[in-house]
Amino acid sequence: MAEEFSVIGKNLPRKDAREKVTGEVKFVADIQLPRMLHVQFLRSPYAHAKITKIDTSRAEMLPGVKCVLTHKNTPKVHPLDKFEFLLDETVHVAGEEVAAVAAETEEIAKEALKLIDVEYEVLPAVFDAEEAIKPDAPVVHVEHGSNLYFGLEKRTDKSYGPKEVRAPRTRADGYLPLEVGDVDKGFAEADAIIEGRYESPMQACVSPMPRAVICQWNGNNLNCWADSQVPQWINKDLARCLGLPQSSVRVMNTTSTVGGYGAKTPEKVAIINALIAKKTGRPVKAVYTREEEFVATHHRPSYVGYEKIGVKKDGTITAMHHRMIGNFGRDFFSATEIMSASAAATAGTLYMYQNLKFEGCVAITNIPDTGPMNGLGDPEAGFIVERAVDEAAEAIGMDPVEFRLKNCARYGSRSVSRRDVLGLSHDELELRPDWVNWGIVGPDFDSLPECIKIARDKSGWKKWKGWKTPVEVNGTKRKGIGIAIGMHMSCFRLYSAIIKMNWDGTANVLSSAAEIGQGIRTAMAQVVAETLGIGYEDVEILLGDSAATPEGWGCIASGGTSSAIPAAWHAAKEIKRKLFDIAAPRLGVTPGELEAKNRMIYVKYKPEKCISIAEACLRGYQVTGAAVNPSPDSIIDEKTGKVMNTYACVATIAEVEVDTETGKLDVLKLSSAHDCGRAINPQMVENQIDMGLVQANGYGRSEEMIFDKDSGVMLNPDLLDYKLMTILDMPKMDDMQDSFVEYPSAWGAFGSKGFSETGATSGAPAIANAVYNAIGVRIRGEHITPDAILEALGK
Amino acid sequence: MEYLTPTTTDEALSLLNKYGEDAVIVAGGVFFTPHKEELFNEAKVLISIGKLGLDYIKVDEEGLKLGATTNLTSIMTSDATSKGVFRVLSEAISSIPIKRITDMGTVGGEVCMSAETDLPTALIALDGRVVIASSTESRILPLEKFYLGYLSHVLEPNEMVTEIQVPHFPPKTGAAFHKLERGTVDLPIVNAAARITLGPDDKCSGVKIVLGCVTFPPVIADNAEKLLMGNKLDEKIIARAAEAATDIECITDIRASGELRKRWGRIAVEKALNKAYEQAKGGN
Amino acid sequence: MAVSISLIVNGEEHRVEIEPWWSLAHVLREELQLTGTKIMCNNGACGSCTVLMDGQAVSSCVKLAVLAEGKNITTIEGLAELETGELHPIQEAFIKYSGMQCGTCTPGMILTAKALLDENPTPTEDEVRGALAGNLCRCGTYKRITKCILAAADMMKGGR
């Protein structure tokens, strides 16, 4: 179908490619303003402590120091609507900000930190989620009163303080429950039941460029350059915390926010910088160190999952019971939403089952904050569920690929919406107008069985020799192969875009999306160019400027292609209508008789009768298009009349080799098939697939945030000891078999959908299941490390 | 902090005499990064020893002589380490997969780090010696006597390492190195180097087994050496020697548990011994 | 400042007043405003800050600036042709074959690739992987980066 299009489906060079290969690209950390001050933070060495004394006088006297902030001289506001104040008298995680120093140079600011005298009263802390929800556990946030959290996603334009708005369906014991049918009956009918406890680990975001924020006042206007995926949120947060109108706070992303993977915000630093900039009358910059990127940002929460699955001999799933406890750390960017996302996709929709019980709870502990990282909720749940499902397939002796093919969701199967889980009524939708009751999985989801088949064929699944039989044995080395499937919401939500045409027929698009590396500037430009009939090189995108770009929630939950691009697409369609209205009388036809291509508007049946798009733009003086996405409620399945969800899916098969002597694991091959709706730019699709797989490998194999079990201090906040995957850890090019299928979505531009978060959902369990095939022992813990393998082998 | 660039060794040594503990020496500058703060915080003077002409690789009748500021890549690719027993030094360096590090790192730096390094394990296995100079005297120490512990060695504040020496070995001597680390690119979790000499009766007439990074400083496994000395060698006796070599307390830290180091240490020693034996048999 | 040194960067000589403990990356970015060199780990562990010194790849975040005096330093800004702005084939390949996502590791990858191809103009995939062993890419673009470098090697065989 790609031949129908001028630019869709083409491997056009990225909009940001040239600036990135020449060094011209400016990230916020690269910006230097005259008379800029530099900020450094003093951080708590204790996980839970009250600051009984803080004396900054010696620091203030150091030449070059211009401002020192502590809880004593900062407003009592809740940035990002978190529990604690901007600078609080009580700290709740090792690494929490205690003071901020602004000085002429970074070095002077660092020296000044050593001159701040602090005394702490150490309080009891808790780091483990299951410990934290016990009745006698030390309470992390005293005003909240409990280590259980059941509130909704925090809004940044209003503060709810400690009394969050509750998800109505929360049980008295803090669990979000969801039930379909009767699981007890389902288990009674099963021929085999498996039960187990699984762990999925915390994963550090490791944003490549440590985040940076610059604030500068211009009269009553605040300019803020922020490395953030959500510029509009930061605008609202700043406005609320500083008591300013949203119109006078300008938050800018620059062209590239760097590698967010879901949770990149400037934290509270924007507010601190704004206060210091006001006090000193100078621009203020803070750049996180790599260590701060670990202890003072948001990461993927760890989960403990209790699974029980009942199956019949023929492979039918009679019952699934998932109980998941998430360790969401001290505070979060979204928690109940992440847990409900797990329920809505992996735990509640991925498989067809007769009966289901899901219980999820959010635990608060004294470890670093968590948030929506790459896949939010589905990698966490997937690492648990897909290992359990593998055991269920084994219990009846069924080929695990066949088991997935039989039971995986497809067009028409029941879809659990997050609203179902959270229990929001229509009235409560005022708070979240874009969450709806999604009823079924749409026709595009017939891609899932096809993805499984493609992965099966490409990987050579025929080599699977059966349960408990490795694919190959070579001395101490054993090869195994395993499969996992996954899905993630491809979030179609409210979003908006504005496009303005120029007199030469080129277009500027304004969107609050964020370029985090996924290529949104490129894909959006391709969509707009295709729609308007102008060149790819004619379209430029301005991203993330809260004074200029219309409302949109940045780039989270695969919302780029699923939300931001459709808004631009609809805005482009409006422009096309306006241009045809201008051109039609000049060509003596009705607008319905016109078409646009190659920068020309022409009469369909008499193409020599035409006028350039440039001329139409000039005649119109200022041709503008604006659009707000329709509500997700409006995505209706034609056949059934039911509301459809927006999901993307994946199947991944991993081939591994385990050395049973050393315990070392080699991932030899990854065959992964993804549903992307429509590939706007195939090379970029491949890159996004690889992103998910590389991060999934690290997630399951080596990325471990190590905390001291007594003090809660993170022991490896650097890239030497927080082990990311290197090129040598990943399979060679031909063994990274990335495939995609195109089942056009009902909501995306030209059928596209955001799919990038699926790779992260299935990679780790595929490897775990392959390791099981190799060594015959299940590893249910957090990581497949040499220690874990050797322990499993009883060595 | 002052920055000084002496152009002769004498000049450098008299500066060390003058500044002692206030001075930090730098050659390549791969101050393996976790230790950056410790190395610089107290220093008042930074002395670059890159221009002292200590960058050489010589082979004479006494053996191999490496100037302290010779970079690891040139040692790895030199003729001197391309064959024979000295090849184990090249093997140890090539286990560091990042060329940027071996281009910048020096043999003197590797030796003085007294932390997670690879080359010193191989040097000790070859009875390596350190030439330590001060403005008043020069002393030569076997490398295993150079270390006191993690990040600590015997250098006095006014001393510096100028040369590393490795003696020649009789024919039918083989040496090998093996390393185990997390993933593919990492500091060594354990490494081992072994040297075996076979006598005219093909029995083991000389052996040295060194285990690195299981504890600091590197350990010479003399109980394992005793098992092999004077005996005919085969896989079984080598396996027993490897077992004996790791009958020690191994450190547990955030990188690896003591049990894993013990296990991997045994595997590394076994592999190094078997390879060294093959080489010794082959007449090298 | 304790030291005055002369640095030759991208063919131009600069005199800078610095402290002896400053890294080359810090001096390039803050003193010379050449922000093309990115700092990701500040620890020598990731390779993003790689620059070339006399043609050799160096981690500029751990290389002391004082030790770079007298050497020819090439940063990412210096790779394209000065007069014409014509890009180096490696840069062209990265654009054409989409060898980047967020862009943080990109300058380091490109310069490491240059050091490789200058020494070994026809590398195998294994040799490319070996050369990039110390360059981390959190966005996981390893596969396409490898493709780009092999494509650049092909382009350069044409004698460019």
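Residues numbered from 1 in each chain as written. Chains lettered and ligands numbered in written order. Predicted model: local features only at pLDDT ≥ 70, side-chain atom pairs only at ≥ 80, totals over all residues.

Moving on, we get to the sheet that holds strand β26 (residues 647-659) of chain A. Two orientations exist for strands paired in a sheet by backbone hydrogen bonds: parallel and antiparallel. All names here are of chain A. Strand order across the open sheet formed by 5 strands is β17-β18-β26-β27-β28, with mixed pairing between neighbours. The open sheet terminates on both sides in strands that have one partner only, identified here as β17 (472-474) and β28 (736-741). Within the sheet, the average angular offset between the axes of one strand and its neighbour, ignoring direction, is 20°. Relative to β26, strand β18 (residues 477-489) runs antiparallel, the two being bridged by 13 bridges. Bridge pairing in β26 places glycine 482 opposite alanine 654. Against the sheet, helix α9 (residues 336-347) makes contact with β18 and β26, and its axis sits at roughly 115° relative to β18, the strand it touches most. (Pairing = 2+ DSSP bridges. Helix = DSSP H or I, 4+ residues; strand = E, 2+ residues; numbered from the N terminus. Axes fitted to C-alpha atoms, helices over the stretch in contact; angles between N-to-C directions. Contact = placed C-beta atoms within 7 Å.)

Facing 43 residues of chain C, the contacting portion of chain A comprises 44 residues. Elements represented by at least two residues in the side of chain C that touches chain A include exactly α2 (89-96), α3 (106-119), α4 (125-131) and α5 (142-157) of chain C. The leading source of residues in the side of chain C that touches chain A is α5 of chain C, at 5 residues. When the residues that make up the side of chain C that touches chain A are grouped by side-chain class, the tally is 19 nonpolar, 15 polar and 9 charged. (Nonpolar A, V, L, I, M, F, W, Y, C, P; charged D, E, K, R; others polar.)

Here we take up the interface of chain C and chain B. Chain C puts 22 residues into the contact, and the matching count from chain B is 18 residues. Ranked by the residues each element gives to the side of chain C that touches chain B, the list is headed by strand β4 (residues 56-59) of chain C, at 4 residues. Grouping the constituent residues of the side of chain C that touches chain B by class yields 13 nonpolar, 7 polar and 2 charged.

Residue and element names in this part refer to chain C. Along its sequence, chain C is organised into domain 1 (3-78) and domain 2 (89-157). Using only C-alpha atoms to locate each centre, domain 1 and domain 2 end up separated by 21 Å. Counting residues at the interface gives 15 residues for domain 1 and 13 residues for domain 2. Looking at the side of domain 1 that touches domain 2, the elements with two or more residues in it are β3 (50-53) and β4. Tallying contributions element by element places β3 first for the side of domain 1 that touches domain 2, with 3 residues. Tallied by class, residues from the side of domain 1 that touches domain 2 come to 7 nonpolar, 7 polar and 1 charged. (Domains from an automatic or database assignment.)

Attention now goes to the nonpolar core. Counting 411 residues, the largest nonpolar core has Cys224, Val528, Ala568 and Val771 of chain A together with Val88 and Ala194 of chain B as the members making the most contacts within it. Looking at this core element by element, the count peaks at 12 residues for helix α15 (residues 559-587) of chain A. Once residues within four sequence positions are removed from consideration, alanine 194 of chain B is found in contact with Ala125, Ala175, Ala176, Lys208, Ile209, Val269, Ala272, Leu273 and Ala276 of chain B. (Core = buried A, V, L, I, M, F, W, Y, C linked by C-beta atoms within 7 Å. Buried ≥ 20, exposed ≤ 12 C-beta atoms within 10 Å, placed from the backbone.)

So, about the sheet that holds strand β12 (residues 190-198) of chain B. Residue and element names in this part refer to chain B. Read across the open sheet, the 4 strands follow the order β11-β12-β13-β14; overall the sheet is antiparallel. At either margin of the open sheet sits one strand with a lone partner, and together these are β11 (173-180) and β14 (219-220). The sheet contact formed by β12 and strand β13 (residues 204-212) spans 8 bridges and is antiparallel. Within β13, the position partnered with asparagine 191 by the bridge is glycine 212. Along the sheet face, helix α10 (residues 258-281) touches β11, β12 and β13 and points at about 30° away from the line of β12.

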